[in-house]
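Okay, here's what each chain looks like letter by letter:
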Amino acid sequence: ANAEFTIIEKDAAAPPTIAVTFTVTEGPPVLIQSIELKPEKQIDGISDADLQSLFPLKLGQIFETDLYDGGKNELAKTYGNHGYPFADIKGKVIVNTEKNVADITLRIDPGRRHTFGKIQITENKGYVKDVVIQRAMQFKDGDIYNADKIEQSQRNLYDMDVFQVALIKPGKPVEDSDAVPMEIQLRPKKRRNVKFGVGYGNEDGVRLSGALTYRNP
């Protein structure tokens, strides 16, 4: 990048004004020369080939930061679907500016395997029976932790069309245990939703129409 400075003079009493123009010259793209994915231990259901397939950047492609960050997130989710919600993924990218190539290294520490722990429902206040909410859950206390099941359970709650907010959040693992407590945060919609409309008929003049929706799951 080059910078060009220009001093713009005004009257003698006013201080000079400086205009700065930056000229950016885009260089050649950086291509990926090598990718190393290094898990500290092998996990059942996740092979080295699986990791390579899941990571979106490939050899010879142009290095893109968004794909790099998204790839790390995808790997973390995959471990989360196999009972490792707290997998630690550390990445390093070395760019050779002379050759315009990048070497990517990802070190993966899966951590301990976890199960779902106790499920706590908050802010429901009896609006929907707990048993109805529990039926919407794709997991139960003691199941192997699975991130996809959390997402599906959350969709199930929204599909009931009675909650304005429905979040399922993991807590900190119980001490000396592999169980992760789960909190279901709910904010119900209003029970009644009344809509009125005014129309006009040739025979009967003004016509009032109304619609009442009552949610009682």
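Since the model is a prediction, treat every value here as computed from it, not as a measurement.

When you line up the elements, Ile-62 lands in the loop between α1 (48–54) and α2 (65–80). When its relative accessible area of 42% is taken as the criterion, Ile-62 is described as partly exposed. Distance from Ile-62 to Pro-28, taken between C-alpha atoms, is 10.0 Å for residues 34 residues apart in sequence. The residues touching Ile-62, leaving out its near neighbours within four places in the chain, are Pro-29, Val-30, Leu-31, Ile-32 and Leu-57.

As a rule of thumb, non-glycine residues mostly have phi less than zero, and peptide bonds are mostly trans rather than cis. Positioned with a positive phi, Asn-100 is a non-glycine residue whose angle comes to about 60°. Assignment of secondary structure puts Asn-100 in the loop between β4 (88–96) and β5 (101–109). Exposure remark for Asn-100: the relative accessible area of 22% places this residue in the partly exposed category.

Turning our attention to the sheet that holds strand β3 (residues 31–39). An order of β3-β5-β4 is seen for the three strands of this open sheet, with the pairing classed as mixed. Either end of the sheet is taken by a strand with one partner, and the two such strands are β3 and β4. Looking at each pair of strands side by side, their axes are set apart by 15° on average, direction ignored. In terms of strand pairing, β4 meets β5 through nine bridges, oriented antiparallel. Counterpart to Asp-88 in the pairing with β5 is Asp-109.

Further remarks concern the pattern of salt bridges. Scanning the model with the defined rule gives seven salt bridges in all. The residue Glu-151 makes a salt bridge to Lys-77 at a minimum N-O spacing of 3.5 Å. Within this pair, whereas Glu-151 is found in helix α4 (residues 147–159), its partner Lys-77 is found in helix α2, the two being separated by 74 residues in sequence. For Glu-151, a relative accessible area of 36% corresponds to the partly exposed category. Assessed through its relative accessible area of 30%, Lys-77 is described here as partly exposed. Each member of the salt-bridge network shares a partner with another, and the members are Lys-77, Asp-148 and Glu-151.

About the thresholds
Residues numbered from 1 in each chain as written. Predicted model: local features only at pLDDT ≥ 70, side-chain atom pairs only at ≥ 80, totals over all residues. Heavy atoms only, no water. Helix = DSSP H or I, 4+ residues; strand = E, 2+ residues; numbered from the N terminus. Buried < 20%, exposed > 50% of the residue type's maximum accessible area, 1.4 Å probe, protein only. Contact = heavy atoms within 4.5 Å. Pairing = 2+ DSSP bridges. Axes fitted to C-alpha atoms, helices over the stretch in contact; angles between N-to-C directions. Salt bridge = Lys/Arg side-chain N within 4 Å of Asp/Glu carboxyl O.

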